[in-house]
Amino acid sequence: MNSKQILADSLEKLLMKKNLDNIQVSEIVAGTSLSRKTFYRHFKDKYDLANWYFAQFYEVTFGCITEGLTWEDALLCYLNICQEKYCVLKNAYASRDINGLRGYDIAVTKKTYEKYLIIKGADINTETMRFAIDIAARGGTDMVIEWLLNGMKMEKSKLVCLLKQTLPNDILKYID
């Protein structure tokens with residue numbers, strides 16, 4: 001196992017118990033056989049590590065819409081991971097820091113939509129499309145976070161359906 005994954009595993013254990021804002025880098029390192037120097041060789045801070053951790057499963061779930069997985073199936077895979085990692089993600093998303101997971105999630109979701117739409121032949125450089133992508137990334141991310149933080153009471157399939165139905169039409173027309 002590589003150093004990044006070892007640090008991510010340590011962070012995951014800590015996130016099972018407490019909010020990301022309340023975790024110290026020294027605690028993350030203490031849960032490993034690695035040094036603080038090794039931590040900073042790979043990550044600039046705990047938020048950078050949390051974002052890397054998140055990216056590991058985001059890319060193999062919702063990120064797969066750029067590789068042929070349907071929008072619905074990709075989102076459902078992502079929601080399954082959210083459900084599986086509920087405690088960890090709840091404590092990661094509870095962060096109020098500007099560098100927290102929410103901002104990173106929005107950014108990678110936006111990039112994923114851009115890549116997907118380019119593949120589908122859309123012009124993502126128009127003002128209207130840039131705005132639609134921003135709405136889809138921010139709104140979808142916030143609704144999934146809200147679903148997670150409120151205990152995932154809505155059925156995943158219903159959430160997927162509602163999120164798709166409320167996508168901006170400029171994006172929806174490219175979703176298969």
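Quantities reported herein were computed from a predicted structural model and do not represent experimental measurements.

What follows deals with the confidence of the model for the chain. Across the chain, the average pLDDT comes to 95, with 100% of residues at or above 70. Looking at the elements of the chain, mean pLDDT is at its lowest for helix α5 (residues 71-84), recorded as 94, and at its highest for helix α2 (residues 25-30), recorded as 98.

Taken as a whole and judged by the stated rule, the model has 13 aromatic pairs. Both rings, one in Phe54 and one in Tyr93, keep their centres 6.4 Å apart while their planes meet at 80°; by these two values the pair is edge-to-face. Separated by 39 residues along the polypeptide, Phe54 in helix α4 (residues 46-58) and Tyr93 in helix α6 (residues 86-93) bring together distant segments of the chain. For Phe54, a relative accessible area of 0% puts it in the buried group. Among the aromatic residues, those joined into a ring-pair cluster are Tyr53, Phe54, Phe57, Tyr58, Phe62, Trp71, Tyr78, Tyr93, Tyr104 and Tyr113.

Before going further, it helps to examine the pattern of salt bridges. Applying the stated criterion across every chain, the model contains 7 salt bridges. The partner of Glu27 in a salt bridge is Lys18, with the nearest N and O atoms 2.6 Å apart. Exposure remark for Lys18: the relative accessible area of 27% places this residue in the partly exposed category. As a salt-bridge pair, Lys164 and Glu72 come within 2.3 Å of each other at their nearest N and O atoms. Placement of the pair is Lys164 in helix α9 (residues 156-165) and Glu72 in helix α5, with a sequence separation of 92 residues. Glu72 sits in the partly exposed class, given a relative accessible area of 23%. Sharing partners across several salt bridges, the network here consists of Lys110, Asp134 and Arg138.

What counts, and at which threshold
- Residues numbered from 1 in each chain as written.
- Predicted model: local features only at pLDDT ≥ 70, side-chain atom pairs only at ≥ 80, totals over all residues.
- Heavy atoms only, no water.
- pLDDT = per-residue confidence, 0-100.
- Helix = DSSP H or I, 4+ residues; strand = E, 2+ residues; numbered from the N terminus.
- Phe/Tyr/Trp six-rings, centres within 6.5 Å; stacked < 30°, edge-to-face > 60°.
- Buried < 20%, exposed > 50% of the residue type's maximum accessible area, 1.4 Å probe, protein only.
- Salt bridge = Lys/Arg side-chain N within 4 Å of Asp/Glu carboxyl O.

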